[in-house]
Amino acid sequence: MKIFSKVCSILSTLIIIAFAVIAGLLIIPMLFGCKNMAVLSGSMEPGIAVGSVVFVKEVDAESIKPGDVITYKLSGGTMVTHRVVSVDSENKELITKGDANEVEDGSPVAFSAVVGREVFHVPLLGYLTIYIRTPIGIIAVCGVLIVLILLNFLPGVLQPEEEKKEEKKEE
């Protein structure tokens, strides 16, 4: 029964560490002014894969230069993350292109539409951030929390009475 208790302890510790790492990856950059966005299309592959989370920080659009990866807002609120190909300072516009695309984007991006410049990205984390917002994702998180609670209480509940008496004597 002591092995069962150790296995439960190890599993619960691993789950807590996983939650802490994921929470840290999502929350800590926000404390430094970054916004995060999940990548839904393959236009920036292979550099930024579908399912990644891109962390962008607000910058003065005048400081953006060719080669920078930016996130900008289209009409309708859709966010796009593409690489800047050229800057038209006179018209205050940027020409962008997805790394996987053959041609530049059809419309220039106004400086005012820029949300921020990429600071870094984390592959695969976007799948989790998208999935967790669905009803099934919420149920899955609740299920993991229930498992975590059970892992902490089951060893004590399933421990035979004789072992409990022995532990009390040792104390």
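Quick note: structure is the one above.
Residues numbered from 1 in each chain as written. Predicted model: local features only at pLDDT ≥ 70, side-chain atom pairs only at ≥ 80, totals over all residues. Heavy atoms only, no water.

*Asks:* Any chance you could explain the nonpolar core here in plain terms?
*Replies:* Across soluble globular proteins, nonpolar side chains have a tendency to be buried as a group. Among the nonpolar cores identified, the biggest contains eleven residues, and these are A61, I64, I70, Y72, V80, V84, L94, V109, F111, A113 and V114. Mapped onto this core, the elements with two or more residues apiece are β3 (69-73) and β4 (79-88). Core analysis: the second largest hydrophobic core is formed by eight residues, V39, M44, V56 and V69 among them. (Core = buried A, V, L, I, M, F, W, Y, C linked by side-chain atoms within 4.5 Å. Buried < 20%, exposed > 50% of the residue type's maximum accessible area, 1.4 Å probe, protein only. Helix = DSSP H or I, 4+ residues; strand = E, 2+ residues; numbered from the N terminus.)

*Asks:* Explain the sheet that holds β3 to me, please; I cannot follow it from the model alone.
*Replies:* The strands that make up a sheet are held in pairs by hydrogen bonds between backbone atoms, and each pair lies either parallel or antiparallel. Pairing is antiparallel across the open sheet formed by seven strands, whose spatial order is β1-β2-β7-β3-β4-β5-β6. The sheet is open, and its two edges are formed by β1 (34-38) and β6 (109-110), each paired on a single side. Against the sheet, helix α1 (residues 2-31) touches β1, β2 (53-57) and β7 (114-122), its axis set at about 140 degrees to β1. (Pairing = 2+ DSSP bridges. Contact = heavy atoms within 4.5 Å. Axes fitted to C-alpha atoms, helices over the stretch in contact; angles between N-to-C directions.)

*Asks:* Where do I start with a nonpolar patch on the surface in this structure?
*Replies:* Taken together, I3, V7, I10, L11, L14, I17, V21 and L25 make up a surface patch of nonpolar side chains, about 720 Å² in accessible area. Mapped onto the secondary structure, L11 falls in helix α1. (Patch = residues over 30% accessible without salt bridge, like charges linked within 9 Å, V, L, I, M, F, W, Y side chains within 5 Å. Areas by Shrake-Rupley, 256 points an atom, 1.4 Å probe, with all protein chains shown as cover. Salt bridge = Lys/Arg side-chain N within 4 Å of Asp/Glu carboxyl O.)

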